[in-house]
Every structure is written in structure tokens, then in C-alpha cells.
Amino acid sequence: MRPVRHASIAGTGGYLPERIVDNEEVCAGIDSTDEWIVRRSGIRRRRFAGPQESLAVMGHAAGTKALAAAGIPVERVDCVIATTMSHLRQAPALATRIAHLLGGGAQQAAGFDVNAGCAGFCYALGLARDLVAAGSAEHVLVVGVERMSDIVDRHDRTSAFLFGDGAGAVVVSPSDIPGIAPVVWGSDSDHGDAIAQPHGWGRLRDDPDAGYPYLRMQGPTVFRWAVTRMREVALAALAAARVDVADLVAFVPHQANERITDALVQALGLPPDVLVARDVTELGNTAAASVPLALDRLVSRAPEAGGGPALLLGFGAGLLYAGQVVRLP
């Protein structure tokens, strides 16, 4: 009988664009103020990628750091999963571009993209866990990367101040103990238009005056959904891992809005000693890059938490959600 095979996060990495954009700069394009943005979201600044900081370049940088942290050479990467909602090209898959930049044996690795909005990283991490646990892959590189500045209208007062760019990555490898619990995922697709493009790219072909299909968001709807529905998802993820709230060392929610994070911390009754990722203040909402970036920064800031259980929680466009408990590397 084949021994049970488990998967764990072996290393994390992140990349932030060089350009820092504060609220004052954002307010130049919308009717708002720094005080209003901070009160509504907690966001004070974010990063915007420059012309040379493509999705592939940022994903490669984050992935390289994750591989180095895990001590895994590129030639041992069997699969690359990229998750993003801001890739403007249908082909080739972004994952293959990242693999190409990694070089070495990674250029022959399997690669595919996942678009599950801001829940994308937790979706991709669940897939990577299953690939490794099943023996279909030995080492999987999961990269969440976004250039939200490409798809958000800088004159839209409801969303222009929320989003930023960046990349985060993890390496998923075999382990002797379960390091990644089963993912709890799903959708509330009745509200699928709460975060959506108004029309597809094909309409620009047929109607040049249709306008660029910038992402639009119904902020109040999403906020109410997140602060009510995500408590249930978080508790289900803890139950799937057989972990109690009191056992957690860290909570890494999607960095959507500081008020949402505060509401979830209170709703879950997290003990005061649990580390809570709050990168949204400095980085804004980086969509699919949000959770891996916050995870990498938390691991860097608090190495003493290594080996402890952390609750990851992603939610957003779809409306999709996913969460799982992981052992911090």
C-alpha cells in the first residue's frame, strides 16, 4: 500500500513595483480626499507597475524568491500555476511565460492559468496541494500576480482608490505531515455582476465606440457580502482542517478593505495574539496577488510563527470565495 503523501508550503516570495502612489495622486483623477479614502478603506498608498514590470516579469521575480526560500532549483519545478484577473492576452498562458523566464528545466514544466478573481490564489493553492498529494507533481510554483492599474478606471470614484499591483508566490512540495488543509470553496454567483466588466473585449471589435471595459464594482454590495458570508467560510475552513480559532498563529485574509478585515477578526473572535495581515494600508487591493503577498510579508516579519497554523481567506469577483488552513513555512 502506497504511503499517504502530503503537501506543504516550502517557501514564499513577493515582488512590489517601484512606483508608490499615494492617495493625493489618486484624488487628482476622482472627486475625493485622502481622509475619505482612509476612512472608507484604510488605504493610504499602493504600487503601480511601470512599462517594464509586466505580469510575467513580476511573477518571475516573486517565483524566483519563493524557490530560493524553499531551496528548490528551477529544474525541479514540475508545474507553474498563475492566477490573475488582469492578463490582457488570451494566449499564451501567463504561467508559461513565467516558466520561460525562470529558465532551466522550468521551461518544460506544465503550466496553466486560473482566473478566480481575488479568491484566485486560494483556488490555485488548493489545486497545487492536490497535484502534489496525488503524485501528479513534485514541486508546484503558484504565482498570484496583478496589474490592476491596467483594468481599473482611474476616474471611477468607486474603485480607483482601491487597487494596486504586485506579485506573490509560494512553492508547494511533498511533506511528511499535512501542511495544507483541504480548500473550502464556492460561489455566490447570483451576485456575479457586483464585480465585473460591463462588456467583453469582443465588443470593441464590433463597436469601436463601446469604450474600454474597465472593471466596475458595487462597493456596498461586496462589503455587506464579505462581512457576513466570509465568517461562515472561515469557520468551514477551520473545521476542514480540524483546527480551532484558538490554535491559529496567523490570519491572512484577502486585503480588500481594512474595515472588512476588522469585521472578520471580530466575527471570528480571534485571540489578540493571532497575527493579522493588514497590508492593504500600504499596498491596496492587489486581487489575486493579495493573499500570497501578505503571506510572504508576514513570514518575513514573524519568523517565530513558522510551523504554526494560519488561516488563508480569499474572496471577490464571481462572487467567489475560498479558504484553507496552512502550516507557515
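Structural data are supplied above this passage.
Residues numbered from 1 in each chain as written. Predicted model: local features only at pLDDT ≥ 70, side-chain atom pairs only at ≥ 80, totals over all residues. Heavy atoms only, no water.

**Here we look at the nonpolar core**
So, point 1. Of all hydrophobic cores here, the largest spans 51 residues; its most connected members are Met-148, Met-230, Phe-251, Leu-270, Leu-311, Leu-313 and Phe-315.
So, point 2. Where this core is concerned, the elements lending two or more residues are helix H1 (23-27), helix H2 (34-41), helix H7 (219-241), helix H8 (258-268), strand S13 (309-316) and strand S14 (320-327).
So, point 3. With eight residues, the single largest contributor to this core is H7.
So, point 4. Beyond its immediate chain neighbours, meaning those up to four positions away, Phe-251 contacts Leu-264, Val-265, Leu-268, Leu-270, Val-274, Leu-275, Val-276, Ala-277, Leu-311 and Leu-313.
So, point 5. Of all hydrophobic cores here, the second largest spans 37 residues; its members include Ala-7, Ala-277, Ala-305 and Leu-320. (Core = buried A, V, L, I, M, F, W, Y, C linked by side-chain atoms within 4.5 Å. Buried < 20%, exposed > 50% of the residue type's maximum accessible area, 1.4 Å probe, protein only. Helix = DSSP H or I, 4+ residues; strand = E, 2+ residues; numbered from the N terminus. Contact = heavy atoms within 4.5 Å.)

**With respect to H8**
A turn of α-helix holds 3.6 residues, and therefore any two residues three or four places apart point the same way.
So, point 1. Taken residue by residue, H8 has Ile-260, Thr-261, Leu-264, Val-265 and Leu-268 as its buried positions. Along the axis of H8, the buried positions cluster into a sector of 135 degrees, meaning they face one direction only.
So, point 2. Looking at the packing, one finds that the buried side of H8 touches H7, strand S11 (250-253), strand S12 (275-276) and S13.
So, point 3. Here H8 starts with a cap whose side-chain oxygen sits 2.7 Å from the backbone nitrogen of Arg-259, and that cap is Asn-257.
So, point 4. Once H8 finishes, Gly-269 follows within two positions and takes phi at roughly 65 degrees, a positive value. (Arc of directions from axis to C-beta. Polar contact = N/O pair within 3.5 Å; in protein donor to acceptor, adjacent residues only side chain to side chain.)

**Structural notes on helix H3 (residues 55-70)**
So, point 1. Under the 1.5 Å per step criterion, the end-to-end length of H3 is 22 Å for 16 residues, consistent within 8% with the ideal 22 Å.
So, point 2. The inward-facing, buried residues of H3 abut strand S1 (6-15), helix H4 (94-102), strand S6 (140-147) and strand S7 (165-175). (Expected span 1.5 Å × (residues − 1).)

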